[in-house]
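The primary structure of each chain is shown beneath.
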Amino acid sequence: MSGFFYNLGKMLGPSVRKVRWAWLSVAGTEAEAIQLENEVGKELADEISHQLKICSDPLFSKLINETGSRLTAYVANKSRTFSFEIIEDSSPNAFALPGGHIFVTRSLIELCQSNPDEIAFILGHEMGHVIRGHVMDRIITNSAIAIGANLASIRTPLMAWLKTAGINLLQSTYSQELELEADNLGARLAVAAGYSWKAPEILLSRLAKLHPADEGFSHYFSSHPMIQLRINKINHILQQKPK
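Anyway, here's the lowdown on the structure attached to this text. (Residues numbered from 1 in each chain as written. Predicted model: local features only at pLDDT ≥ 70, side-chain atom pairs only at ≥ 80, totals over all residues. Heavy atoms only, no water.)

### Points about the nonpolar core
In a soluble, globular protein the nonpolar side chains are often hidden away together inside.
Alright, step 1. Counting residues in hydrophobic clusters, the biggest one holds 48 residues, and the most contacted among them are L71, I102, V104, L123 and M127.
Alright, step 2. Here the element with the most residues in this core is helix α6 (residues 116-131); it accounts for seven residues.
Alright, step 3. What L123 contacts, discounting residues up to four positions off in sequence, is I64, T67, G68, L71, F84, I102 and V104. (Core = buried A, V, L, I, M, F, W, Y, C linked by side-chain atoms within 4.5 Å. Buried < 20%, exposed > 50% of the residue type's maximum accessible area, 1.4 Å probe, protein only. Helix = DSSP H or I, 4+ residues; strand = E, 2+ residues; numbered from the N terminus. Contact = heavy atoms within 4.5 Å.)

As structure tokens, this is what we get:
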């Protein structure tokens, strides 16, 4: 599956650039584009909250929100906002929506053993997808939405798309380049916020040792670039900066 999306990402290169241009042209300035993205994301997040079961464990919610808030404080563009939710699901997964709505499954938090340093890397990775525009590009490109001149022309087809294949797409992988880019930004963001620079390697190394049948943990991570490649790239970036 990862190979399919890797090739898809390469083929869609010009289309994605066109999508980004169209999206910015609708909104005007970058700040206006972010505001429009926030409004679209809020409606999508509300719909997902109705479709999926939200975890009600107060300790888990406190952990993810404190970690997410700490990371958000180090995001350079203060127009960006983020929110964090845990969903009940037996497969470890995480995905982001436009406007910075980050969803993480409870099983992924448990896989991290509730370690804030490891959770920070995962949240930072998903935040990286939002900051770099990967999320909005993917949704518009794959939902075949023609961007109109106002928000109303975007909302209705997005809602219809989300109710059909939307969540499955959000939970699938990006191209290898985009995943590595999100790794890069996520690791740097976590380290800037004071989390351990060793956490990404510790988490990814543990994942590499998991048996494919271990509680379904391979589903999410097998679709990402090779784990050793991710570790090497992250370490290379972090070694260029003070620990």
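What follows picks up the thread again.
### Some points on the environment of E179
Alright, step 1. Among the secondary structure elements, E179 is positioned in helix α9 (residues 176-192).
Alright, step 2. E179 sits in the buried class, given a relative accessible area of 2%.
Alright, step 3. Linking E179 and E126, residues 53 residues apart in sequence, is a C-alpha distance of 9.4 Å.
Alright, step 4. A polar contact of 2.9 Å, which involves the side chain of E179, links it to the side chain of H125.
Alright, step 5. Looking at E179, its side chain comes within polar contact range of the side chain of H129, at 3.3 Å. (Polar contact = N/O pair within 3.5 Å; in protein donor to acceptor, adjacent residues only side chain to side chain.)

### Structural notes on the packing of aromatic side chains
Alright, step 1. Across all of its chains, the model carries one aromatic pair by this definition.
Alright, step 2. It is R70 that lies over the ring of Y195; its NZ or CZ is 3.9 Å from the centre.
Alright, step 3. The cationic tip of R106 hangs over the ring face of F60; the distance from NZ or CZ to the ring centre is 4.8 Å. (Phe/Tyr/Trp six-rings, centres within 6.5 Å; stacked < 30°, edge-to-face > 60°. Lys NZ or Arg CZ within 6 Å of the ring centre and 35° of its normal.)

Any link to function would need more than the numbers given here.
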